[in-house]
Structure formats: C-alpha cells, structure tokens
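Take a look at the letters that make up each chain.
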Amino acid sequence: MKTALQKLSSRKLWAAAVGIVTGLAMVFGLDEGVIATVAGTVVSVASVVTYIVTEGRVDAQSVKTVVQAVQNAEDALRETDGK
C-alpha cells in the first residue's frame, strides 16, 4: 500500500491536477499567461518534490543495506568467538 508521501510524489497525480486546474481556469476565463504560469509552476514543483522523495528512498535503502551488512558481520564474529 502506498503512503501519502508516495502518492503526493506521483508525477501522474500532479499532471492530472494541472489538467484539472487548467481546465477550470479556462472555464472561468482566466488570462492564458496566468494559466501557463500556474501550470508551469505546479509541474516544476512536482518534479522537484518527486526528485527529493525518490532520492530519499534511495538513500534510505542504502542505509538499510549497510546496517544489514554490519549486522551480518557482527553475527559472523559472534559465531566465530563462540566456537
């Protein structure tokens, strides 16, 4: 199951949100320049958030891998000392 943070980092979600906001802005007659600025800003922010979240996950997995390797080495040393 995806966490809320994972869902919020989805580019598809943000693209859909931009589409909805853009459509509503056109319906209500906002200036095309404003619409383009808002859409560009949302897409840019979504890209940055996605990058940060993805890099955070990669870093977290690297830490887990290192911790597991250290635990395995500690277990191996304890087995050697016990024999």
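Preceding this section is the structure that the text describes.
Described below are features of the structure shown in this document. It should be emphasised that the depicted structure is a prediction, and the values quoted were computed from it without experimental measurement.

## Side note on a nonpolar patch on the surface
Point 1. A cluster of nonpolar residues, Ile20, Leu24, Val27 and Phe28, forms a patch on the protein surface that exposes about 470 Å² of accessible area.
Point 2. By the secondary structure assignment, Ile20 is in helix 2 (residues 11-27).

## Quick notes on the side chain of Thr22
Point 1. With respect to the helices, strands and loops of the structure, Thr22 is situated in helix 2.
Point 2. Apart from the residues within four sequence positions on either side, Thr22 is in contact with Ile35 and Ala39.

## What about the pattern of salt bridges?
Point 1. Here the structure, examined in full by the defined rule, presents 1 salt bridge.
Point 2. Glu74 serves as the salt-bridge partner of Arg78, at 2.7 Å between the closest nitrogen and oxygen. Note that Arg78 and Glu74 are positioned in helix 3 (residues 32-82) at a spacing of 4 residues, about one turn of the helix.
Point 3. Here Arg78 falls in the exposed class, since its relative accessible area comes to 57%.

## Examining the environment of Asp81
Point 1. Within the fold, Asp81 resides in helix 3.
Point 2. When its relative accessible area of 67% is taken as the criterion, Asp81 is described as exposed.
Point 3. Each C-alpha atom of the pair Asp81 and Thr3 lies 43 Å from the other, and the pair is 78 residues apart in sequence.

Cut-off values and rules
Residues numbered from 1 in each chain as written. Predicted model: local features only at pLDDT ≥ 70, side-chain atom pairs only at ≥ 80, totals over all residues. Heavy atoms only, no water. Patch = residues over 30% accessible without salt bridge, like charges linked within 9 Å, V, L, I, M, F, W, Y side chains within 5 Å. Areas by Shrake-Rupley, 256 points an atom, 1.4 Å probe, with all protein chains shown as cover. Salt bridge = Lys/Arg side-chain N within 4 Å of Asp/Glu carboxyl O. Helix = DSSP H or I, 4+ residues; strand = E, 2+ residues; numbered from the N terminus. Contact = heavy atoms within 4.5 Å. Buried < 20%, exposed > 50% of the residue type's maximum accessible area, 1.4 Å probe, protein only.

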